[in-house]
Amino acid sequence: MTCDEANILLHALLDNELDAGHAREVETHIASCPACAAEFAAQREMQRVLADTNLRYSAPAGLRSRIEASLPQPQRQPTRRSVLRGFAMGSAVSALAASGVVAVVLRQDDQQRILSEVVSAHLRSLQAGHLIDVVSTDQHTVKPWFNGKLDVAPPVIDLTAQGFTLVGGRLDYIDARAIGAVVYKRRQHVINLFVSQTTSTEHRPPKTQTMQGFNCRRWGERGLNFWAVSDIGGDELAEFVDKFEAAMKANVEG
């Protein structure tokens, strides 16, 4: 086992997420590598400090009263004029719906809601013990793990040679549905690739959005929706998606 491989698995070892075989390999490497042993000791100390630190925030006693004072006051009973205005507004909305404008707005809102759920799932995965269900740098181990757990297993591609290391996968939930998450690392940065099935087989070109400080690149291909989420730069995330798409296309054609 090399130092690069060991560094990827140190967190998993610390959180008792490794199977017996991988744990033994990492422990053997640490025993013979001072650099990795020092890194593991530093991570263990950080875990101890965080566990002993009280991170709970107590709100000031007067906060409740200030919030209640800032809330809107109860509305008066509606007048005949306001009721008529409401009917007129309803008619306008119906006209817009007939033209398809409302449907477009609703789809955009739905896309933003899904994006928010994807970013929230990425944040949850960064908590200790939540990142990986199956730990492996081998695509032939990760992909079969999804079989039987999902209607369609996500494509799992080894991009280590291109600078994006496969570290495992897990099940996650987006829009109240179970989906696959394939986990990569770029240096010490985590990239979650969420994959779900869709009825559309059209190709949707990649589009990058930013939410809560994370970059998310979304695209669609061959009946699958993809979201790649990470705190790496937008250019690097676009590079990851380009290399993933190219490798996936080569696998299909091959």
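Analysis parameters
- Along each chain, the written sequence defines residue order, and numbers are assigned to residues from 1.
- A pLDDT threshold of at least 70 governs which residues receive local features in this predicted model, and a stricter bar of 80 or more applies before side-chain atom pairs are shown or counted, although totals over entire chains, interfaces and linings include all residues.
- For side-chain calculations, the full set of non-hydrogen atoms in the structure is used, while hydrogens and water are omitted.
- Both site types are read off a 1 Å grid over the protein atoms alone. A 1.4 Å probe that fits but cannot get out defines a cavity, while an open set with protein on both sides within 12 Å along at least five of seven lines defines a pocket; lining residues have an atom within 4 Å of a point.
- Grid points are joined across faces, edges and corners, and a volume is the space filled by probe spheres set on the points.
- Only DSSP runs of H or I covering at least 4 residues are called helices, and only runs of E covering at least 2 are called strands; the numbering of each starts at the N terminus.
- Under the scheme applied, nonpolar residues are Ala, Val, Leu, Ile, Met, Phe, Trp, Tyr, Cys and Pro; charged residues are Asp, Glu, Lys and Arg; polar residues are all the others, including Gly.
- The rule is simple: take the accessible area with a 1.4 Å probe, protein chains only, and divide by the maximum for that residue type; under 20% is buried, over 50% is exposed, in between is partly exposed.
- A pair of strands counts as paired when DSSP detects no fewer than two bridges linking them.
- Distance thresholds for patches are 9 Å for like charges and 5 Å for nonpolar side chains (Val, Leu, Ile, Met, Phe, Trp, Tyr), applied to residues having over 30% relative accessible area and no salt bridge.
- All accessible areas in this document rest on Shrake-Rupley with a 1.4 Å probe, and a residue is counted as covered only by the protein chains that are shown.
- For salt bridges, the criterion is a side-chain nitrogen of Lys or Arg within 4 Å of an Asp or Glu carboxyl oxygen.
- We score Asp and Glu as negative and Lys and Arg as positive, and we do not count His or the chain ends.
- The atom standing in for a charge is NZ when the residue is Lys, CZ when it is Arg, CG when it is Asp and CD when it is Glu.
- UniProt positions are given in the numbering used here, feature names are shortened, and annotations may be inferred rather than shown by experiment.

Labelled according to an unreviewed UniProt entry, the protein chain appears under the name Putative zinc-finger domain-containing protein, originating from Bradyrhizobium cosmicum.

Student: I'd like a rundown of the layout of surface pockets, residues and numbers included.
Tutor: Taken as a whole, the largest pocket encloses approximately 740 Å³ of empty space. Counting only elements with at least two residues in the lining of the largest pocket, the list comes to α1 (3–14), α3 (34–52), α6 (101–125) and β4 (189–197). Across the lining of the largest pocket, the residue classes break down as 15 nonpolar, 10 polar and 5 charged. The computed volume of the second largest pocket comes to approximately 390 Å³. What lines the second largest pocket is a set of 17 residues, among which Asp110, Gln111, Ile114, Asn225 and Trp227 lie closest to the centre. Among the elements of the structure, α6, β3 (177–186), β4 and β7 (224–230) are those that each provide at least two residues to the lining of the second largest pocket. Top element by residues in the lining of the second largest pocket is α6. It accounts for 5 residues. Grouping the constituent residues of the lining of the second largest pocket by class yields 4 nonpolar, 6 polar and 7 charged.

Student: Quick one: what's the story with the pairing of strand β6 (residues 214–221), residue by residue and with numbers?
Tutor: Of all the 8 residues making up β6, 8 are buried; the element is thus mostly covered by neighbouring parts of the structure. Residues Phe214, Cys216, Arg218 and Gly220 point to one face of β6 and Asn215, Arg217, Trp219 and Glu221 to the other, with burial holding for every one of them. Hairpin connection, strand β5 (residues 204–211) to β6: the antiparallel pair is bridged by 2 residues, and Gln212 has positive phi, about 55 degrees. Joining the antiparallel neighbours β6 and β7 is a turn of 2 residues, in which Arg222 adopts a positive phi near 55 degrees.

Student: If you had to explain unusual backbone geometry to someone new, which residues and values would you point to?
Tutor: In the Ramachandran plot, Arg187 falls in the positive-phi region, its phi being about 55 degrees despite a non-glycine side chain. Examined against the element boundaries, Arg187 turns out to sit in the loop between β3 and β4. What makes Arg187 exposed here is its relative accessible area of 51%. For Arg222, which is not glycine, the phi torsion reads 55 degrees and is therefore positive. As for its position among the elements, Arg222 is in the loop between β6 and β7.

Student: Just give me the short version of a negative patch on the surface, but keep the residues and values in it.
Tutor: A surface patch of like charges, here negative, comprises Asp4, Glu5, Asp19 and Glu25. Given the relative accessible area of 38%, Asp19 is considered partly exposed.

Student: Could you give an account of the UniProt feature "domain: Putative zinc-finger" (unreviewed entry) in the protein chain, with specific residues and numbers?
Tutor: When the UniProt feature table is mapped onto this chain, "domain: Putative zinc-finger" (unreviewed entry) is found at residues 3–37. Between the C-alpha atoms that bound residues 3–37 there is a distance of 10 Å. The span itself is 83% helix and 0% strand.

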